[in-house]
Amino acid sequence: MENQEKTHKRRVRYSGTHPRNYKEKYKEHNPEKYADTIQKVIQKGGTPAGMHISIMVKEILDFLQIRPGQIGLDATLGYGGHTQEMLKCLNSEGHVYALDVDPIESAKTRERLQKLGYGEDLLTVQLLNFANIDQVAEKAGKFNFILADLGVSSMQIDNPDRGFSYKVEGPLDLRMNPEKGVSAAERLKEVDKEELIGMLVENSDEPYAQEIASAVQSYQKSGREIVTTTDLKNVIEKALEFLPAADRKEAVKKSCQRTFQALRIDVNSEFEVLYEFLDKLPDVLAPGGRVAILTFHSGEDRLVKKSFKQFYKAGIYSEIAQDVIRPSKEECIRNSRAKSTKMRWAIRA
């Protein structure tokens, strides 16, 4: 009889004292098993691989004033940190609906929250874009509280397979849902120079949009393709060679961040989706219902500010945030990814 036992496979060894490769960080990917390691990474101001540290939790909960029995919506589920804190406030009375377009991460988060005791009686997770909040409200009724965290989850940024970061080699994808639409690499093949300049300026205020767009076009016209994150980073470096050597490294870093942001916004239609979400918000909020939105760049913040002001003047919102609320200095030290966060809020009349 054939031996049916599986051969034990040793874990891949990494070079040096600490794992650098995303997939080698096996301890960080298993927070339940290696809680001490997770704590050490967080205490050093890092975000463990495969995790996301929720931003401005206290400020959000202080504003939303969640009470048992209420119905709420987390428009951007992500790792589920904010969702979990909102569920705690309900104290097993009420319901939270949570939306996400990422089929990979939302499935993991649903399972994680179920293991913590948040079953379907308390939490409904839907694979749905938050532009479609009206569809959710049709079944759920109007919401007492809504949160939308517009940032990209750390799990997406850190995973090289998703192509969200120029810092590690991976396919230039950048889609929130890798099963739909075209990747950033495919998008770059489609756009002409003027369209790319417009994308870089409108989506990320890129000061070297002209130079980067020219370099991308020249690279592709020479018969080469930009298919990986490193390919695009190298093209940006080449485009900025004219800058003084002393300034070049920092300029390349910032232009890489802005270019990747501009492409991500484009392939996911982020501004169009946000505009639709903001337009539908008043109709899905119950009287006195509260909404908090976290933004991470000026384009998003401008849209939120304009929408809130418009509906406030029309008497649809009774109150809106007059100024943005920022994370504390202590939080920014603990979590460097919190630094660019702005929070705005509104209350339905």
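Residues numbered from 1 in each chain as written. Predicted model: local features only at pLDDT ≥ 70, side-chain atom pairs only at ≥ 80, totals over all residues. Heavy atoms only, no water.

Participant: Hey, could you run me through a positive patch on the surface in this one?
Facilitator: Judged by side-chain charge, Lys167, Lys249, Lys253 and Lys339 come together as a positively charged surface patch. Structurally, the position occupied by lysine 253 is in helix α11 (residues 245-267). (Patch = residues over 30% accessible without salt bridge, like charges linked within 9 Å, V, L, I, M, F, W, Y side chains within 5 Å. Areas by Shrake-Rupley, 256 points an atom, 1.4 Å probe, with all protein chains shown as cover. Salt bridge = Lys/Arg side-chain N within 4 Å of Asp/Glu carboxyl O. Lys, Arg positive; Asp, Glu negative; His and termini not counted. Charge placed at Lys NZ, Arg CZ, Asp CG, Glu CD. Helix = DSSP H or I, 4+ residues; strand = E, 2+ residues; numbered from the N terminus.)

Participant: I would appreciate a short explanation of the nonpolar core in the present structure.
Facilitator: In this structure, Leu172, Leu174, Leu188, Leu196, Val216, Ile226 and Leu232 are the most contacted members of the largest nonpolar core, which totals 34 residues. The set of elements that each furnish at least two residues to this core consists of α7 (184-190), α8 (193-204), α9 (209-221), α10 (229-239) and α11. When residues of this core are assigned to their parent elements, the largest contribution, seven residues, is made by α11. Ignoring any residue separated from it by four or fewer positions in sequence, one finds leucine 232 in contact with Leu172, Leu188, Val216, Ile226, Thr259, Phe260 and Leu263. (Core = buried A, V, L, I, M, F, W, Y, C linked by side-chain atoms within 4.5 Å. Buried < 20%, exposed > 50% of the residue type's maximum accessible area, 1.4 Å probe, protein only. Contact = heavy atoms within 4.5 Å.)

Participant: Please explain the pattern of salt bridges as it appears in this structure.
Facilitator: Where charged atoms from two side chains of opposite charge come close, those side chains can pair. For the structure shown, the criterion picks out 18 salt bridges. The salt bridge partner of glutamate 206 is arginine 258, with a shortest N-O separation of 2.8 Å. Highlighted residues: glutamate 206 in the loop between α8 and α9 and arginine 258 in helix α11, separated in sequence by 52 residues. A relative accessible area of 3% places glutamate 206 in the buried class. A salt bridge links lysine 342 to aspartate 301, with the nearest nitrogen and oxygen atoms 3.9 Å apart. Highlighted residues: lysine 342 in strand β7 (residues 342-348) and aspartate 301 in helix α13 (residues 298-313), separated in sequence by 41 residues. Aspartate 301 sits in the buried class, given a relative accessible area of 8%. Within the structure, one salt-bridge network assembled from shared partners comprises Arg187, Glu190, Glu195 and Asp266.

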